[in-house]
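# Observations on the three-dimensional arrangement
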Amino acid sequence: MSSTDRAVEAHGLVKTFGSHRAVDGVDLSVRTGSVYGVLGPNGAGKTTTIRMLATLLRPDAGSATIFGHDVGREPFVVRQLIGVTGQYASVDETLSATENLQLFCRLNGLHGAAARRRSNDLLEEFDLTEAATRPLKNFSGGMRRRLDLAASLIAQPPLLFLDEPTTGLDPRTRAQMWATIRRLVATGSTVLLTTQYLEEADQLADRIAVIDHGRVVAEGTGDELKASVGAQSLQLTLVDADDVTAASRTVEQVLGTSPVASPEARRLTVPVDDATRVTDVLTALRAAAIDLAGLSLDKPTLDEVFLALTGSPTDTDVTGTDDAGDVPAGDVPAAGSRTETRIETRTKTHPETRSDTMEVSA
Amino acid sequence: MSTRTLDPTRPTIVPGAQRTLRNRVTPGQTVRDSLAMARRGLIKVRRTPEQLFDVTLQPIIFTVMFTFLFGGAVAGDVASYLPIVIPGILVQTVITTSVVTGVQLREDMDKGVFDRFKSLPIARIAPLAGALLADVLRYLIATTITITMGLVMGWRPGGGFVGVALAGLLVVVCAWSISWIFAFFGVIARSASSVQGISFMVLFPLTFLSNAFVSVDTLPSWLQGFVNVNPVSHLVTAVRELAGSGTLTHEVGIALLGSAVIVAVFAPLAVRAYMRKA
Ligand SMILES: Nc1ncnc2c1ncn2[C@@H]1O[C@H](COP(=O)(O)OP(=O)(O)O)[C@@H](O)[C@H]1O
Ligand SMILES: [Mg+2]
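Since the structure is predicted, the reported quantities are computational estimates derived from the model, not experimental observations. (Residues numbered from 1 in each chain as written. Chains lettered and ligands numbered in written order. Predicted model: local features only at pLDDT ≥ 70, side-chain atom pairs only at ≥ 80, totals over all residues. Heavy atoms only, no water.)

### Notes on the nonpolar core
This is how it is decided: In these notes, a set of buried Ala, Val, Leu, Ile, Met, Phe, Trp, Tyr and Cys residues joined through side-chain atoms within 4.5 Å is what counts as a nonpolar core. Accessibility here uses a 1.4 Å probe with only protein chains present; expressed as a share of the type maximum, an area under 20% marks a residue as buried, one over 50% as exposed, and anything in between as partly exposed. By the criteria applied, helices consist of DSSP H or I runs no shorter than four residues and strands consist of E runs no shorter than two, each listed in order from the N terminus. In what follows, a contact means two residues having at least one pair of non-hydrogen atoms within 4.5 Å.
In terms of nonpolar packing, the biggest core is built from 119 residues, with Phe104 and Leu107 of chain A together with Phe117, Leu170 and Trp180 of chain B touching the most fellow members. Broken down by element, the residue count for this core peaks at 14 residues, all from helix α7 (residues 160–188) of chain B. Beyond its immediate chain neighbours, meaning those up to four positions away, Phe117 of chain B contacts Leu103, Phe104 and Leu107 of chain A together with Met37, Arg40, Ile122, Pro127 and Tyr274 of chain B. Counting 32 residues, the second-largest nonpolar core is a separate cluster that includes Val23, Leu56, Phe67 and Val71 of chain A.

### A word on the sheet that holds strand β5 (residues 69–70) of chain A
All names here are of chain A. Let me state the cut-off plainly: What makes two strands pair is DSSP finding at least two bridges between them. Only the contacting stretch of a helix is used when fitting its axis, a line to C-alpha atoms as for every element, and angles between N-to-C directions run 0 to 180 degrees.
Strand order in the open sheet formed by four strands is β2-β1-β4-β5, with antiparallel pairing between adjacent strands. Each end of this open sheet is capped by a strand with a single partner; those strands are β2 (20–31) and β5. Where strand β4 (residues 61–66) lies against β5, two bridges are found, and the strand directions are antiparallel. Counted as the bridge partner of Thr65 is Asp70 from β5. Across the sheet, helix α1 (residues 46–53) touches β1 (6–17), β2 and β4, and the angle it forms with β1 is around 120 degrees.

### Let's talk about the sheet that holds strand β13 (residues 267–272) of chain A
All names here are of chain A. Taken in spatial order, the four strands make up an open sheet running β12-β13-β11-β14, and their pairing is antiparallel. Two strands close off the open sheet at either side, each with one partner strand: β12 (260–262) and β14 (292–298). Looking at each pair of strands side by side, their axes are set apart by 15 degrees on average, direction ignored. One ladder, built from three bridges, connects β12 with β13; its direction is antiparallel. Bridge pairing in β13 links Ala261 to Leu268. Sheet strands in contact with helix α9 (residues 244–255) are β11 (232–238), β12 and β13, and its direction is about 10 degrees off that of β13.

### Overview of the UniProt feature "domain: ABC transmembrane type-2" (unreviewed entry) in chain B
Note the threshold: UniProt positions are given in the numbering used here, feature names are shortened, and annotations may be inferred rather than shown by experiment.
The residues that UniProt annotates with the feature "domain: ABC transmembrane type-2" (unreviewed entry) are residues 50–277 of chain B. For residues 50–277 of chain B, the helix share is 81%, the strand share is 0%, and the end-to-end C-alpha distance is 29 Å.

### A closer look at the site of ligand 1
Residues and elements named next belong to chain A. The condition that has to hold: Residue proximity to a molecule or strand is established when one non-hydrogen atom of the residue lies within 4 Å of it. Polar contact criterion, stated in full: a pair of N or O atoms within 3.5 Å, where within protein one must be able to donate a hydrogen and the other to accept it, and residues adjacent in sequence count only if both atoms are side-chain atoms. Each accessible area value is a Shrake-Rupley result obtained with a 1.4 Å probe; residue values ignore everything except the protein chains displayed when judging cover. Under this grouping Gly is polar, as are all residues other than the nonpolar Ala, Val, Leu, Ile, Met, Phe, Trp, Tyr, Cys and Pro and the charged Asp, Glu, Lys and Arg.
In the vicinity of ligand 1, the contacting residues are Phe17, His20, Ala22, Pro41, Asn42, Gly43, Ala44, Gly45, Lys46, Thr47 and Thr48. The backbone of Ala44 places a nitrogen or oxygen atom 3.1 Å from an oxygen atom of ligand 1. A distance of 2.5 Å is found between an oxygen atom of ligand 1 and a side-chain nitrogen or oxygen belonging to Thr48. In the complex, 62% of the free accessible area of ligand 1, which totals 560 Å², lies under the protein chains. Among the elements of the structure, β2 and α1 are those that each provide at least two residues to the shell around ligand 1. Here the shell around ligand 1 takes three residues from α1, the largest share from any one element. For the shell around ligand 1, the residue count by class is four nonpolar, six polar and one charged.

### A few points about the UniProt feature "transmembrane region" (unreviewed entry) in chain B
Residues and elements named next belong to chain B. Sites flagged by UniProt as "transmembrane region" (unreviewed entry) map to residues 52–75, 81–105, 125–155, 161–185, 197–216 and 252–275. From the first C-alpha to the last, residues 161–185 spans 36 Å; its make-up is 100% helix and 0% strand. Counted over residues 252–275, helix gives 100% and strand 0%. Its end C-alpha atoms are 34 Å apart.

Next up, the structure:
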């Protein structure tokens, strides 16, 4: 009855709020012992998906099993196998850290001395001992997240759902959270985490599903995903906006990929696999007498992954497959509907993302 | 139970497939989970004692206000009004307090911690039952203060300590049962303030159109019909008899039966609505 090698198996999950399909046919398959990243912008349906997998929300269609147990038919069994750390702290604000952990210990069947020992261990492990008796009101975002995670670990669940575990954390706290997640996996836990940051998914996850508008638009390893947009992305700012068309043509001739242009901002963005090719681009532009006001070379952002995946004419073919690497990179038609997708993607992603990268090609 | 026994020194996690899993919760666990939740409720009260203002101030204000306002008019003088009005205020105050249960539950449910409760392998009823159980403290406070105020103002109940204690207990039990109604509204309502609005709209006529403050035969006959079937009237009568003479009459039976019916209907409704809520 229980399958040992799949921690999560979901087929065609659908959740509709009113007329809005928040999750629109999501398939997921998570191998036991792995870290699985669900990557997508705000409103993509990540939280809704997790809530359905964690028995918090009933799917309108589709099915899901956790270690072979159906979330709809055996929710009580599933709840014994999972730990959930929500996007918004799911601990009690009026209680202290110790009181929170002891409450959840009791609810997990630990009483008296055993509950005290377990919560003390967790407080220590998560570096919360000093603040243990203070009211949570005074806790920083990072402390709250750590307490939240500690509370999810009381029963040592074999599967952990972490919904945007580092959103809103400063870089140092984020690195600590990453280390904690890695430690968890080392103890044999399976982790399904959601994130808006490609880098985070890339750092932590063995496999990544990219989700947008409630659909899985690509699935694969981090390398496969990044390959779909080139290893890096080159951004060129022109002196003269009239040069945009000519410059695009020149860049395409050199790199074989057409750049995304934004005439208003006099800017071109194009994925490059090999940084040394940038020299060729610059030489060709000089030869064409196109002057540059600036240039930068960056790692691909979620924006670019998205642009490549959702803006690609083959996006329906990519859905749910493992060969995201085959998606034509940067092959983006400037159709109106695609443009909308892009705007949304751009405005709701990583604060560290260069916000000017994805100016829309109207 | 084996999955719940943890060994913090064990370095690795038991794989999902190797765990002994239970398919449903036992009655014993239901009680333990509810008590753990009640404990949470009590800690919250300790943290925010200002939430007890209503159960401490309302009985004081109401006993003084009603007794001196209506004492002369209804019973001739304050002393002879006390045996009538103290049970009335007791019932009214404690039942009104049970509205707060629904309102607070609504506020509480909107917090993230309820998500965690739902994701835990605990009895579904525990988060609700625990919250309602913790509110018994509020009823006890309201009951004690109302009775004490009565005694201070000269109420000398003939039922003695036992009669008064039983009367108080009966009110607390009934209020707890009624709080399931408000818990249900609390779960299905959009906001805490709408629970409050709806609940008071129901409670005002129920508590005032009863025999709590006046004698039934002073009322027009059409109103007597309603007052006599009003469950609040039965509870008030039961409390008057228990406190006044220490006698257990059929009114007590009616009150307890009514409470049982309310719980039987509204507890499952509330729990189901709670589990449905996204
Ligand atoms: N309870 C709800 N009622 C109505 N709409 C909802 C609800 N929960 C989520 N949504 C909508 O569903 C979409 C997906 O939301 P969510 O799963 O929270 O996305 P994400 O976690 O990826 O940011 C959003 O458009 C959101 O507004
Ligand atoms: Mg979310």
